Amino acid sequence: MAQPATWSKPPVVTILGHEGDPRIALVHEAVDYWNGIFAEIGSPLRLGPVRFTPGEIPVDTLRGLSERIVGIGRLVPMPASVAAVPGNLIVALSDGDFISFATRWPGEEKALAAIKSHLAMPLSLPNVARNVIAHEIGHAIGLRHNSDPALLMCGRPAPCRPSAFQSDTPRMFPLTAGEKQQLRSMYPPL
Ligand SMILES: [Zn+2]
């Protein structure tokens, strides 16, 4: 499989959602997590700045993208409602119920991480939304799935599902050494 496209400059992160959404803080936490990883591995890439934009992408659009992308990684045209959102890495905090996903349009310097409702299972479970958001941003950075349910990037075709992130203690699931090495080769030290 070809190496995924990399960000050529730090992606401006746009949180698209509604004021007061508890997931807004989790997006900041996830961005800090990834920037900590980049610092740890000596990579110059940083995500951000992070900006909040009130609004939403229609649930039908997100559900349609999810059905075409999840488990397949198919390239799809960018919907106009995505193109209209400023910034490079859009984290859409939806009230809809679909399988959360991330997809990229490298030519347009744009990525979308779409997060389903935090009121529906499994994101209503403690610690799950935090890791789902970090996981989807991981795809937007260029990582793919692994098959270890103890790790952040576990996913299809492995039987890992987001409910495995449930924890009574807030914690971010880890990466593998191989994933860190992949990030380091995608975003090498200067
Ligand atoms: Zn995934």
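Here the structure is shown first, and the text comes after it.
All residue numbers here refer to positions counted from 1 along the written sequence of the relevant chain. Local features are withheld for residues below a pLDDT of 70 in this predicted model, meaning they are given only at 70 or higher, and side-chain atom pairs are given and counted only at 80 or more; totals for whole chains, interfaces and linings count all residues. No hydrogens and no water enter the side-chain calculation; it runs on all heavy atoms of the structure.

(A) Representation of the packing of aromatic side chains. Aromatic pairs are defined between Phe, Tyr and Trp rings, using the six-membered ring for Trp, whenever the two ring centres lie within 6.5 Å; interplanar angles under 30 degrees are classed as stacked, those over 60 as edge-to-face, and all others as tilted. Throughout the structure, instances matching the rule amount to four aromatic pairs. Taking 5.4 Å as the distance between ring centres and 80° as the angle between the ring planes, the aromatic pair formed by Tyr33 and Trp34 counts as edge-to-face. Burial classes: relative accessible area under 20% of the type maximum marks a residue as buried, over 50% as exposed, and values in between as partly exposed (1.4 Å probe, protein chains only). Exposure remark for Tyr33: the relative accessible area of 18% places this residue in the buried category. For the pair Phe165 and Phe173, a centre-to-centre distance of 5.1 Å together with 80° between the ring planes defines the contact as edge-to-face. As far as the burial class goes, Phe165 and Phe173 line up, both buried. Throughout this description, the term charge over a ring refers to an Arg CZ or Lys NZ atom that lies within 6 Å of the ring centre and within 35 degrees of the ring normal. The positively charged end of Arg104 is found above the aromatic ring belonging to Trp7, 4.4 Å away from the centroid.

(B) Local environment of the coordination of the zinc ion. Ligating atoms shown are N, O and S within 2.8 Å of the metal, or 3.2 Å for Na, K and Ca, and water is not included, meaning a site may look less than complete. For the zinc ion, the protein coordination sphere consists of His135 (NE2), His139 (NE2) and His145 (NE2), at 2.0 Å. Summarised as a motif, the one-chain spacing of the donors to the zinc ion is H-x3-H-x5-H. Placement of the pair is His135 and His139 together in helix H4 (residues 128-141), with a separation of four residues, close to one helical turn. This pair shows no difference in class: His135 is buried, exactly as His139 is. Strands are runs of DSSP state E lasting at least two residues, helices are runs of H or I lasting at least four, and both sets are numbered from the N terminus onward.

(C) Examining the pattern of salt bridges more closely. Definition used for salt bridges: Asp or Glu carboxyl oxygen within 4 Å of a side-chain nitrogen of Lys or Arg. Throughout the structure, instances matching the rule amount to six salt bridges. Among the salt bridges present, the one from Arg63 reaches Asp60, with a minimum N-O distance of 3.5 Å. Placement of both Arg63 and Asp60 in helix H2 (residues 59-69) is noted, with a separation of three residues, approximately one turn of the helix. Residue Arg63 is classed as partly exposed on the basis of its relative accessible area of 30%. On the basis of relative accessible area, Asp60 is assigned to the exposed category, the value being 62%. One continuous salt-bridge network, built from bridges that share partners, spans Asp21, Arg23 and Asp95.

By themselves, these figures tell us nothing about what the structure is for.
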